[in-house]
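# Breakdown of the fold
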Amino acid sequence: GENVEQHPSTLSVQEGDSAVIKCTYSDSASNYFPWYKQELGKRPQLIIDIRSNVGEKKDQRIAVTLNKTAKHFSLHITETQPEDSAVYFCAAIKAGSGSARQLTFGSGTQLTVLP
Amino acid sequence: GAVVSQHPSWVICKSGTSVKIECRSLDFQATTMFWYRQFPKQSLMLMATSNEGSKATYEQGVEKDKFLINHASLTLSTLTVTSAHPEDSSFYICSAPVGGNEQFFGPGTRLTVL
């Protein structure tokens, strides 16, 4: 099955700096890679996603890049703000049969933006 | 976007009792729902896939007789933790896929077993 590795596990940055979180996946058939932000005690919220036919996607201060050959994808947050502090999870859709495919999550990154 | 609700949001129970958690898709139909468990400072781990009108599919290491799943309608899946023990204390989250890839998560249920 799919295996997703994520690093770093913790990341502290100064407000205004950029943050980068990296993930690798194992199943070359995976083709959908979402990123979630989770605040303590709350549900994961989708912040950006990318499909395997695209190499980069940007939404305001957030961008994701995908390297299919190397099987890794990264989240970039620019001009970080204290409200960006949360746990971020990468994920990959596990390839398989059926119309609904399973998400495999990375281990998470605790991002702290220092004021 | 699509809305998924869960009930209860938190529950405290005594060891040995059973607890039922409901997951509902409020504005769409979900033939499949997923159940995750999240321990403190850890990632979401898929427990099982709930299939409307058929048996759930459990991930390796998840006891199907302990975590009973029923997907009786296109908008409701339930997870029953039977004979709960303190080690079952966790954050349980359901999700439902929309359009094949994107998934919408419920708000989660915090289970504490005394």
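The structure this text deals with has already been given above.
Here's a quick rundown of the structure. This structure is a prediction, so every number in the text was calculated from the model and none was measured.

Contact with chain B, which involves 22 residues of that partner, is made by 20 residues of chain A. When residues of chain B are sorted by the area they lose upon contact with chain A, Ser43(B), Asn101(B) and Phe105(B) head the list and together hold 33% of the total. The interface formed by chain B and chain A contains 0 salt bridges. In this assembly, chain B and chain A are joined by 5 residue pairs in polar contact (both at pLDDT 80 or more). Those elements giving two or more residues to the side of chain B that touches chain A turn out to be strand E4 (32–38), strand E5 (45–51), strand E9 (90–97) and strand E10 (103–105) of chain B. Grouping the constituent residues of the side of chain B that touches chain A by class yields 10 nonpolar, 9 polar and 3 charged.

Looking now at the side chain of Lys37(A). All names here are of chain A. Checked against the element boundaries, lysine 37 lands in strand E4 (residues 32–38). A polar contact is formed between the side chain of lysine 37 and the backbone oxygen of glutamate 83, at a distance of 2.9 Å. With residues near it in sequence (within four places) discarded, lysine 37 still touches Arg43, Pro44, Gln45, Ile47, Glu83, Asp84, Ala86, Val87 and Tyr88.

Okay, a nonpolar patch on the surface next. Residue and element names in this part refer to chain B. On the surface, Trp10, Ile12 and Leu114 cluster together to form a nonpolar patch covering roughly 390 Å² of accessible area. By the element assignment, tryptophan 10 lies in strand E2 (residues 10–13). For tryptophan 10, a relative accessible area of 57% corresponds to the exposed category.

Next up on the list: the sheet that holds strand E7 (residues 67–73) of chain B. All names here are of chain B. Across the sheet, 4 strands lie side by side as E1-E3-E8-E7; this open sheet has antiparallel pairing. The sheet is open, and its two borders are formed by strand E1 (4–7) and E7, each paired with just one other strand. Recorded for the sheet is a direction-independent mean angle of 15° between the axes of neighbouring strands. Sheet topology places E7 next to strand E8 (residues 76–81); 5 bridges connect them, and they run antiparallel.

Moving on, we come to the pairing of strand E3 (residues 19–25) of chain A. Residue and element names in this part refer to chain A. The side-chain alternation of E3 yields one buried face, formed by Ala19, Ile21, Cys23 and Tyr25, and one unburied face, formed by Val20, Lys22 and Thr24. Where strand E1 (residues 4–7) lies against E3, 4 bridges are found, and the strand directions are antiparallel. The residue bridging histidine 7 from the neighbouring strand is lysine 22, located in E3. In terms of strand pairing, E3 meets strand E8 (residues 72–77) through 6 bridges, oriented antiparallel. What sits directly across from alanine 19, in E8, is isoleucine 77.

The rules behind each value
The residue numbering used here restarts from 1 in each chain and proceeds along that chain's sequence as written. Here the convention is simple: chains get letters from A, ligands get numbers from 1, in the order in which they are written. Owing to the predicted nature of the model, reporting of local features is limited to residues with pLDDT of at least 70; listing and counting of side-chain atom pairs is limited to 80 or more, with chain, interface and lining totals taken over all residues. The side-chain values count all of the structure's non-hydrogen atoms but skip hydrogen atoms and water molecules. Here, residues are in contact when the closest pair of their heavy atoms is within 4.5 Å. Two parts placed together each lose some accessible area under a 1.4 Å probe, and adding up what both lose gives the buried area. The salt bridge criterion pairs a side-chain nitrogen of Lys or Arg with a carboxyl oxygen of Asp or Glu, the two atoms within 4 Å. By the criterion applied in these results, polar contacts are pairs of N or O atoms within 3.5 Å in which, for protein atoms, one can donate a hydrogen and the other can accept it, and in which residues neighboring in sequence qualify only through two side-chain atoms. A run of H or I in DSSP becomes a helix once it reaches four residues, and a run of E becomes a strand once it reaches two; helices and strands are each numbered from the N terminus. Charged residues are taken to be Asp, Glu, Lys and Arg, nonpolar residues to be Ala, Val, Leu, Ile, Met, Phe, Trp, Tyr, Cys and Pro, and polar residues to be all remaining types, Gly included. Residues form patches when they are more than 30% accessible in relative terms and have no salt bridge. Like charges link within 9 Å. Nonpolar side chains (Val, Leu, Ile, Met, Phe, Trp, Tyr) link within 5 Å. Only the protein chains shown count as cover for residues, with accessible areas throughout obtained via the Shrake-Rupley method and a probe of 1.4 Å. For each residue, the accessible area found with a 1.4 Å probe, counting protein chains only, is set against the maximum for its type, and the residue is called buried under 20%, exposed over 50%, and partly exposed in between. Two strands pair if DSSP finds at least two bridges between them. Interaxial angle, 0 to 180 degrees, is taken between N-to-C directions of lines fitted to C-alpha atoms, where a helix line uses only the stretch in contact.

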